[in-house]
Amino acid sequence: MRQNKATVSKVDVIALFTDFGLHGPYTGQMKAVLHAMAPGVPVIDLFADAPAGNPRAAAYLLAAYAVWFPAGTALLCVVDPGVGGARPALIVEADGRWYVGPGNGLFELVERRARASRRWDIEFRPERLSASFHGRDLFAPVAAKLARGDAPPGRQRNDASDRRPGWPDDLAEIVYVDHYGNAMSGLRAAVLPANARLALAGRPIERARTFSDQPPGTAFWYENSNGLAEIAINQGRADQVLGLAVGTPLEVLP
Amino acid sequence: MRQNKATVSKVDVIALFTDFGLHGPYTGQMKAVLHAMAPGVPVIDLFADAPAGNPRAAAYLLAAYAVWFPAGTALLCVVDPGVGGARPALIVEADGRWYVGPGNGLFELVERRARASRRWDIEFRPERLSASFHGRDLFAPVAAKLARGDAPPGRQRNDASDRRPGWPDDLAEIVYVDHYGNAMSGLRAAVLPANARLALAGRPIERARTFSDQPPGTAFWYENSNGLAEIAINQGRADQVLGLAVGTPLEVLP
Amino acid sequence: MRQNKATVSKVDVIALFTDFGLHGPYTGQMKAVLHAMAPGVPVIDLFADAPAGNPRAAAYLLAAYAVWFPAGTALLCVVDPGVGGARPALIVEADGRWYVGPGNGLFELVERRARASRRWDIEFRPERLSASFHGRDLFAPVAAKLARGDAPPGRQRNDASDRRPGWPDDLAEIVYVDHYGNAMSGLRAAVLPANARLALAGRPIERARTFSDQPPGTAFWYENSNGLAEIAINQGRADQVLGLAVGTPLEVLP
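Note that this is a predicted model, so its numbers are computed, not measured. (Residues numbered from 1 in each chain as written. Chains lettered and ligands numbered in written order. Predicted model: local features only at pLDDT ≥ 70, side-chain atom pairs only at ≥ 80, totals over all residues. Heavy atoms only, no water.)

What about the packing of aromatic side chains?
For the structure shown, the criterion picks out 33 aromatic pairs over all chains. Measuring from ring centre to ring centre gives 5.1 Å for C:Phe47 and C:Tyr65, while their planes differ by 90°; the resulting arrangement is edge-to-face. Residue C:Phe47 is located in strand β2 (residues 43-47), and its partner C:Tyr65 is located in helix α2 (residues 55-66); the two are separated by 18 residues in the primary sequence. Seen from their ring centres, C:Phe220 and C:Tyr222 are 5.9 Å apart, and the 50° between their planes marks the pair as tilted. Accessibility expressed as a relative area gives 3% for C:Tyr222, which makes it buried. Each member of the aromatic cluster is reached from another via a ring pair, and the members are A:Phe17, A:Phe47, A:Tyr65 and A:Tyr176. (Phe/Tyr/Trp six-rings, centres within 6.5 Å; stacked < 30°, edge-to-face > 60°. Helix = DSSP H or I, 4+ residues; strand = E, 2+ residues; numbered from the N terminus. Buried < 20%, exposed > 50% of the residue type's maximum accessible area, 1.4 Å probe, protein only.)

Here's what the structure looks like:
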């Protein structure tokens, strides 16, 4: 048992990454558990609209946004279309950040890109586990336990059946469309050639530094504030003009 | 006057149940009042999209979700189409939880199902009471007063004109549609026969344990994580496929 | 240097006024910065759906809602279509409230209506400044510095190039449409004649005290809870019935 060593990076903030939407009771009930079990630990809504039911697209989004948080952050991650079924329930520690959620590939890119990582099967079982809301009943209590300094309530996992070696290192698809209609891809801008063009259904899109460099109405891509290649239109909605949604494929032109 | 005895269950968290939507200033202004008057008390967004202007549907939703919170929770509840009119303003204590909001039937099911409850007419009046936003000006200060340990600022209410004895114990209607398109009814699963079928416009829907038991595309109902009968489609949107919205009637088949 | 005198009104709460939408990572990343740099200071979501990319409409909305907060509030304001371009980055102190955001007119009405105000050019530069997200990288750290009692990290600004003297004192346009379909104008009700009528495309709309005074389905305007003239329909959606959106012009009838 070397689990106690895992607690050297104390959890002092919890970030939520879910596909629950902000409406409805789901996020609130998770926060109620966190406040009750780990009072005083700040809880940050990162994404409540991660790709719904799509752990693959969500994995690329999570990997890009999680690393912006300092070591000592717990990311409570619930994109869990298989809830109530056989998928495992995991804790992953990667570069000092903690991830709690379903073992359905959601942490694949986080683990693949980490310098160092460890993983546990959650063995904690709540008094009452609903069939449909493990976020509230299982994952939130585990995140709260980490936040109050407990050792990970599980055993180290050696089974790699939840890993997804076939997924690419970067995903040439839209993984998120924001409030302004800008569309983030699963491609890190840093891995693309400096003057790479992206193509949508054969239509090439040039790179720009930022919005204010572009004439209104022109489609372009740029490195967004978390390093992803993002397609946008200055003073326009790229999603509507270009027909973009989560899952829309892109090409990187040579 | 036995009101001080009501404060034996200390309020240590405030949950919000409103039809304000999360956008706009309404929830934020209520939270600003709560933070100013009861600093340090956690405030949880439970529902900001309770059935808009529909205290009857909201009453069944509230009763199902409020009991999940521990005694000592104050629920600040604003579904208030009659704001500015003659409806009373109430505090209800039921099984150790506190409810603050309009006397328009919103607390009917909470009170009816409670083992013990008491009720007060709010007598507190703020310096400035707007005609349209009692959530901010009246109900939030009262919830804050309870959270800092004050006695309920009102007098015990004996008038039952706000009660709704004609409403059923369970409501065979959709009371909430969530982010995934799942549709909650006002029926508690525990009061239905084990193999009950629900019917929508004559079309029967079978019971299932949870999503992962069902083939994609099949409509089913299940007991959701708060005990309500909920209609869903695995990997689909029940609201769109079945034409469900708040108010859609159901039948319980014999 | 008289900047330290500016800190006499201590910042004890931070309110967010942005056009980010509540979804996506933007508000969460700003809050993560605020929590990390100014732990324990409450952060209130006021508007996340201020008029998108429209600092002029947003300026009238902000001026109406900011004054509701007590002195000692910092308003972190991001409606910033020129991010990455040449617009200045400002701190404004007006009547004891602090405003941090882009110098694009967003604070014009706040400053014009203040009894006393001062302004600074932000000179703080973060280690890493993204081209597209100054809310997170520049404005949130500055708001956090004010919240922990630092002097404004800038120099007093004498340049008035960011002021908008040509904008009217009140704006006869819709500046916000809420969750219920009610449409706020940029007109303060207090500056209108007591029985003023507003007109939409020539159609006159009468004043009422509040919703419950009106028969269902009738369009009216009233002074909303923050003093703006707001167009509504009791039990109806004014935006849909009357075709209202941000930017729709109104007339004040004589």
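From this point on, the discussion continues.
Notes on helix α4 (residues 134-147) of chain C
All names here are of chain C. In this model, α4 (14 residues) spans 18 Å end to end at C-alpha, consistent with the 20 Å of a helix rising 1.5 Å per residue. Taken as a whole, α4 carries its principal kink of about 35° at Ala140; the proline Pro141 stands between one and four residues after it. Across the 14 residues that make up α4, a large majority, 14, are buried. Gly149 occupies a position one or two residues after α4 and carries a positive phi of about 95°. (Expected span 1.5 Å × (residues − 1). Bend = angle between axes of the 7 residues up to and from the residue.)

Quick look at the pattern of salt bridges
Opposite charge on two side chains permits pairing when their charged atoms draw close. Under the criterion given, the structure shown has 61 salt bridges over all chains. A salt bridge links A:Asp121 to A:Arg157, with the nearest nitrogen and oxygen atoms 2.7 Å apart. In this pair, A:Asp121 sits in strand β6 (residues 117-122) while A:Arg157 sits in the loop between β7 (154-156) and β8 (171-177), placing the two residues 36 residues apart along the sequence. Here A:Asp121 matches A:Arg157 in class, with each residue buried. For C:Arg113, the salt bridge is made with C:Asp170, and the minimal N-O distance between the two is 3.9 Å. Remark: C:Asp170 occurs in the loop between β7 (154-156) and β8 (171-177) and C:Arg113 occurs in helix α3 (residues 108-113); sequence separation between them is 57 residues. Here the salt bridges do not stand alone but share partners, grouping A:Glu108, A:Glu111, A:Arg112, A:Arg119, A:Asp121, A:Arg157, A:Asp159, A:Asp162, A:Arg163 and A:Asp169 into one network. (Salt bridge = Lys/Arg side-chain N within 4 Å of Asp/Glu carboxyl O.)

Some details on the pairing of strand β10 (residues 197-200) of chain A
Residues and elements named next belong to chain A. When β10 meets strand β14 (residues 251-253), the two strands line up antiparallel, connected through three bridges. The residue bridging Arg197 from the neighbouring strand is Leu253, located in β14. As judged from the three bridges shared by β10 and strand β11 (residues 203-205), these two strands associate in the antiparallel manner. The residue bridging Leu198 from the neighbouring strand is Ile205, located in β11. (Pairing = 2+ DSSP bridges.)

Some thoughts on the side chain of B:Asp49
With respect to the secondary-structure elements, B:Asp49 resides in the loop between β2 (43-47) and α2 (55-66). One buried charged side chain, B:Asp49, makes no salt bridge at all; its nearest oppositely charged neighbour is B:Arg237, positioned 10 Å away. At a separation of 2.6 Å, a polar atom in the side chain of B:Asp49 contacts the side chain of B:Tyr176. Here B:Asp49 is in contact with A:His23, A:Gly24, B:Thr18 and B:Tyr176, once residues within four sequence places are set aside. (Lys, Arg positive; Asp, Glu negative; His and termini not counted. Polar contact = N/O pair within 3.5 Å; in protein donor to acceptor, adjacent residues only side chain to side chain. Contact = heavy atoms within 4.5 Å.)

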